[in-house]
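Results of the structural survey
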Amino acid sequence: ESALKAYDLALERDPGNVRFLNNQAAILLELRRFDEAMAKLDNVLDREPDYAPARFNRARILLSAGRPTEALNELDAVRRPGSDEAALRQIDMFARMAQQTRQGRTDGDQAIAALAKRRIEEILANRGAEFVTRAEQLESVRRLRQPQSD
């Protein structure tokens, strides 16, 4: 609750900050206050429709609500990156998402992990060798490629 209040204060100073709104939604998600989180994320996407972290958090809420198809559609709506820096940010986000969901036991968790991995491979396939080397140096990608322990 104190983190939510801190973001409320930050949003008073910068009401349109999508990062603050998204982070606040992530906290609400962890508190299982899904309706409030979804409202925050809708606000983020109204302001910035291509904000990938908000799409990821929406997918997490939809997955928690037992709506895996909608969750996958949400992730598929993430726009393909233009610049190398944007591509690296997306790879990092998708690697973290796959890492978080690959331990899941539901079909929805496994589907999100598979989609995230597929999106990483799509991004890598459209970039040069130097870019691939940079992407492989991301900590999130290294963790994703580690064998799973059961």
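Data block above holds the structure.
The paragraphs below set out a description of the structure included in this document. (Residues numbered from 1 in each chain as written. Predicted model: local features only at pLDDT ≥ 70, side-chain atom pairs only at ≥ 80, totals over all residues. Heavy atoms only, no water.)

Digging into the nonpolar core
Spelled out, the test is: Buried residues of nine kinds, namely Ala, Val, Leu, Ile, Met, Phe, Trp, Tyr and Cys, make up a nonpolar core once their side-chain atoms join them within 4.5 Å. To sort residues, take the accessible area from a 1.4 Å probe on protein chains only and compare it with the maximum for the residue type: under 20% means buried, over 50% means exposed, and anything in between is partly exposed. Per the convention used, a helix needs a DSSP run of H or I reaching at least four residues, while a strand needs a run of E reaching at least two, with both numbered from the N terminus. Any two residues whose heavy atoms approach within 4.5 Å are treated as being in contact.
In terms of nonpolar packing, the biggest core is built from 42 residues, with I61, L75, I91, F94, M97, I120 and F131 touching the most fellow members. Of the residues forming this core, the biggest block, eight residues, is contributed by helix α6 (residues 84-101). Look past the residues within four positions of L75 in its chain and what remains in contact with it is R55, F56, A59, F94, M97, I112, L115 and R119.

Things to note about the side chain of N17
Keep this limit in mind: In protein, a polar contact means a hydrogen-donor-capable atom and an acceptor-capable atom, both N or O and within 3.5 Å, with residues adjacent in sequence counting only if both atoms are side-chain atoms; elsewhere, any N or O pair within 3.5 Å suffices.
Looking at where N17 falls in the secondary structure, it is placed in the loop between α1 (2-13) and α2 (18-30). The buried category is assigned to N17, whose relative accessible area is 17%. Separated by 3.1 Å, the side chains of N17 and D14 make a polar contact. A polar side-chain atom of N17 sits 3.0 Å from the main-chain amide nitrogen of R19.

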